[in-house]
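# Close look at the chain arrangement
Given next are the chains, with one letter for each unit.
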Amino acid sequence: MKKVGKATTLLLLAAFLLSACSNNDVNTGNTAAGNASQPPATVQPATDQPASAPAQTDSPAGESPAAQATPAATADAAVTATAQPTGAAASEEIPLLYHMNKNYDIIPNDAATNKKVVLLTFDDGPKDAELINPLMDTLDKHKAKAIFFVNGYRVKEHPELLELIHNRGGIIGNHSWDHIVLKDKSEAEVKKQIEDVQNIVKEVTGETPVFFRPPHGAGGDVGKKIAADNGLLYMTWSVGSLDWEMKEKDTNKTEKLITNVTSQLHSGSNILMHELPWTVEALDTLLTTLEGKGYSFADPRSIELKMR
């Protein structure tokens, strides 16, 4: 009986041990499965990440938020640089090399600075993208900058055209709201004509004009005062292309425009043109002709904002 009792005891003990091992294996398997369903610790947001930043749950494990942001930031910067050349240009340090005299010519501040320059300007826009784009293409070809003196009522009708000029590197100038003769108007009316343009250009482009040209060259003393009050350099012109006198039916408009400019040409010429089909057509030949005569194109941003 003792032998049977020992055998029974051994069998019971073996059964107990087998049962315990089996249960332990099952529990271990459940624990492993539960751990597999949890995200790895490396994809959790960094503890020092700003609270406002989104969690980086789709980031490659082990990559820092700064490293992940670099390609996106680079891509955004490339788009901005391509689509907004003026924004980039605005941040450049442009030395003040020139000033304007009382004849509205561009004069070097220093004897060592090239005096054989001209200032290119276009009035009465913005009108039409089909004119603006080829005009800007030609300016880009010759590495030239120009002032575009705009009217407020035109900007209100087509703000996208002002944005086009700005984005393509044009310098925006103020040409009054309604293109009216200002010299006989009240100070309050002149103030509104000028400052309403300042405001709408700021709204569209984020920048306020620093150049003012009165319509018909007739701003009077009150126009000069309001311009100065708004930090604007007041100017008319010293060379007129007379493109505004030409008609669609006229012949040889390109040749006439070039002759009109070159017959008056001198160092520092402040050239008045308009956003007109024949001016756009003539511009490449005109700029090539000026370059052939040894002239280069003054960057408007290099001109001091005070006449002297």
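What counts and how
- Residues numbered from 1 in each chain as written.
- Predicted model: local features only at pLDDT ≥ 70, side-chain atom pairs only at ≥ 80, totals over all residues.
- Heavy atoms only, no water.
- Phe/Tyr/Trp six-rings, centres within 6.5 Å; stacked < 30°, edge-to-face > 60°.
- Helix = DSSP H or I, 4+ residues; strand = E, 2+ residues; numbered from the N terminus.
- Buried < 20%, exposed > 50% of the residue type's maximum accessible area, 1.4 Å probe, protein only.
- Lys NZ or Arg CZ within 6 Å of the ring centre and 35° of its normal.
- Arc of directions from axis to C-beta.
- pLDDT = per-residue confidence, 0-100.
- Contact = heavy atoms within 4.5 Å.
- Core = buried A, V, L, I, M, F, W, Y, C linked by side-chain atoms within 4.5 Å.
- Axes fitted to C-alpha atoms, helices over the stretch in contact; angles between N-to-C directions.
- Parallel < 35°, antiparallel > 145°, perpendicular 65-115°, else oblique.
- Nonpolar A, V, L, I, M, F, W, Y, C, P; charged D, E, K, R; others polar.

## Concerning the packing of aromatic side chains
Evaluated as defined, the whole model comprises 3 aromatic pairs. Arranged with centres 5.3 Å apart and planes meeting at 20°, the rings of Phe-122 and Phe-148 form a pair that is stacked. Residue Phe-122 is located in strand β3 (residues 117-125), and its partner Phe-148 is located in strand β4 (residues 146-150); the two are separated by 26 residues in the primary sequence. Assessed through its relative accessible area of 4%, Phe-148 is described here as buried. With a centroid separation of 6.5 Å and an interplanar angle of 65°, the aromatic rings of Trp-237 and Trp-244 are classed as edge-to-face. The ring of Tyr-295 carries the charged tip of Lys-116 above its face, separated from the ring centre by 5.1 Å.

## Describing helix α9 (residues 253-262)
Along α9, the positions that sit buried rather than exposed are Lys-253, Thr-254, Leu-257, Ile-258, Asn-260 and Val-261. For α9, the angular spread of the buried residues around the axis is 160°, confining them to a single face.

## With respect to the confidence of the model for the chain
For residues with low pLDDT, the predicted coordinates do not support detailed interpretation. When pLDDT is averaged across the chain, the result is 80; 70% of the residues are at 70 or more. Across residues 20-89, where pLDDT falls below 50, the model places 27 contacts with residues more than four positions away in sequence or in other chains.

## Re the nonpolar core
By size, the foremost hydrophobic cluster in this structure holds 40 residues, and its most contacted members are Leu-120, Leu-139 and Leu-290. The dominant element in this core, judged by the number of residues it contributes, is helix α10 (residues 277-292), at 7 residues. Discounting residues that sit within four places of it in the chain, Leu-139 has contacts with Leu-120, Ala-144, Ala-146, Phe-148, Leu-283 and Leu-287. In terms of nonpolar packing, the next biggest core, distinct from the first, is built from 23 residues, Tyr-98, Tyr-104, Phe-149 and Ile-194 among them.

## Thoughts on the packing of helix α4 (residues 129-141) against α10
At a closest axis distance of 9 Å, the pairing of α4 and α10 adopts a crossing angle of 5°. Considered as vectors, α4 and α10 are oriented roughly parallel to each other. In this structure, α4 contributes Leu-131, Pro-134, Leu-135, Thr-138, Leu-139 and Lys-141 to the contact, and α10 contributes Pro-277, Val-280, Leu-283, Asp-284 and Leu-287. The residue inventory of the contact of α4 with α10, partitioned by class, reads 8 nonpolar, 1 polar and 2 charged.

## Overview of the environment of Ser-267
Summarising the element assignment, Ser-267 is placed in the loop between α9 and β9 (269-274). The spacing of Ser-267 and Asp-105 is 162 residues in sequence and 7.9 Å in space, taken between C-alpha atoms. Excluding its chain neighbours within four sequence positions, the residues that come into contact with Ser-267 are Lys-115, Lys-116, Val-117 and Tyr-295.

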